[in-house]
Amino acid sequence: MSNSIPYPKRATDYNTQINLLRSRGITIKDEEKAKECLSDIGYYRLGFYSYPFEKTYPKLNHKRLHDVKPGTSIEDIVAFYYYDFDLRNILNRYLSRIEVDIRTTIIYELSNKYSDNPFWYVDPKIVGNKFITRFTAEYYPRIRENDPIKRHHRKYSDPYAPAWKTMEYMTLGNLEHLYFSLLSNKDRSMISRKFNEPSYKAFRNYLSVICQVRNACAHGNVITLMTLHDNVERGAACPFIRPDDQNTFCGALKVISFLLKNISVKRANDMWNELYHATLELYMKVPSLHDLVESKTGITLPPDYSYPR
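J.: Could you give an account of unusual backbone geometry, naming the residues involved and the relevant values?
T.: Residue P58 follows Y57 across a cis peptide bond; omega there is 15°. Mapped onto the elements, P58 comes out in the loop between α3 (43-48) and α4 (74-113). The backbone phi angle of N196 is positive, close to 60°, even though this residue is not glycine.

Now the structure itself:
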């Protein structure tokens, strides 16, 4: 029997929202500025970023209390919001670089291995039937809407475009599904070893992890406090990882850093410099978040780190 009840709350205006925030212990000195923040971010979304300031954090179940720790201001919560926003923007650029490299590697290696079959990605001797069925019904109709693919089909009679054309329009999730569906472990290992990961199982896990972070970045989710659906597996990216970090952003960042470093050491260094810069800015505004951010992200500022000149 269901214990559900009708939802009792109703929408509120900015004045009511400000009063509610104050009742929970949040200091608000400039009401107009607070209204501007609520208009820009939204009351509900801002609530996600108040979690670390709450007295009962990390409890988010029925035992959670919304009251914050003494001295918490709305500026502290907004600073944490913009830190997370900056991290998403930073990672989006580097995840795009990783995605392009993974796509290019799969296209090049398998298209050359199966050079007599430009449509190897729908060959049941190479790829599992579940992928082919879903690709045919769901993925390819969308891919076919892109102008280069339309032009291909106007000229050629084959039901599909070759891998090097088609896979340019596959999403990172499509690529993960394709990699998992390869029937030959040698094919999987050939790809994973290009990224210095001997275990194709670990590499498949890495694809799942970066997909989750990429989706979180794209949809504006809180990545600093995110919980991964799949634990990060031990492998070359994480030979030693604490159990507490396996499903956190900290573990995900290790995977991102590992993959990026195997593509370009310079780009990996650039990413870390940007992450350090954003983290230092947060600590200057909200020093109390230092321990939480370090534990959740694994971002530890180098000794005597200062702004790049």
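J.: Could you give me a rundown of the packing of helix α1 (residues 14-23) against helix α2 (residues 31-41), with the residues and numbers involved?
T.: For any two helices packed against each other, the geometry comes down to the angle between their axes and how far apart the axes lie. The N-to-C vectors of α1 and α2 enclose an angle of 105°; their axes lie 10 Å apart at closest approach. The pairing of α1 with α2 is recorded here as roughly perpendicular in orientation. Judged by residue contacts, Y14, N15, Q17, I18, L21 and R22 of α1 engage E31, A34, K35, L38 and S39 from α2. Within the contact of α1 with α2, the residues separate by chemical class into five nonpolar, three polar and three charged.

J.: Explain the state of the cysteines to me, and be specific about the residues and the numbers.
T.: Across all of its chains, the model carries zero disulfides by this definition. Residue C238 stays outside any disulfide, its sulfur separated by 8.4 Å from that of C250, the closest cysteine. Judged by its relative accessible area of 6%, C250 falls in the buried class.

J.: Talk me through the packing of α4 against helix α12 (residues 265-285); I want residue IDs and the actual numbers.
T.: The contact between α4 and α12 brings their axes to 10 Å, and the two run at 175°. If you check the angle between α4 and α12, you find them roughly antiparallel. Residues D76, A79, F80, Y83, D86, L87, I90, L91, R93, Y94 and R97 of α4 lie in contact with α12, whose contacting residues are R267, D270, M271, E274, L275, A278, T279, L282 and K285. Taken together, the residues that form the contact of α4 with α12 break down as 11 nonpolar, one polar and eight charged.

J.: I'd like a rundown of α2, residues and numbers included.
T.: Regarding α2, the residues found buried are A34, K35, C37, L38 and I41. Down the axis, α2 shows its buried residues gathered within 160° of arc, on one side only. Of the surrounding elements, those touching the buried residues of α2 are α1, α3 and α4. Of the residues flanking the start of α2, the one acting as N-cap is D30, its side-chain oxygen 3.2 Å from the backbone nitrogen of E32.

Cut-off values and rules
- Residues numbered from 1 in each chain as written.
- Predicted model: local features only at pLDDT ≥ 70, side-chain atom pairs only at ≥ 80, totals over all residues.
- Heavy atoms only, no water.
- Helix = DSSP H or I, 4+ residues; strand = E, 2+ residues; numbered from the N terminus.
- Axes fitted to C-alpha atoms, helices over the stretch in contact; angles between N-to-C directions.
- Parallel < 35°, antiparallel > 145°, perpendicular 65-115°, else oblique.
- Contact = heavy atoms within 4.5 Å.
- Nonpolar A, V, L, I, M, F, W, Y, C, P; charged D, E, K, R; others polar.
- Disulfide = S-S within 2.5 Å.
- Buried < 20%, exposed > 50% of the residue type's maximum accessible area, 1.4 Å probe, protein only.
- Arc of directions from axis to C-beta.
- Polar contact = N/O pair within 3.5 Å; in protein donor to acceptor, adjacent residues only side chain to side chain.

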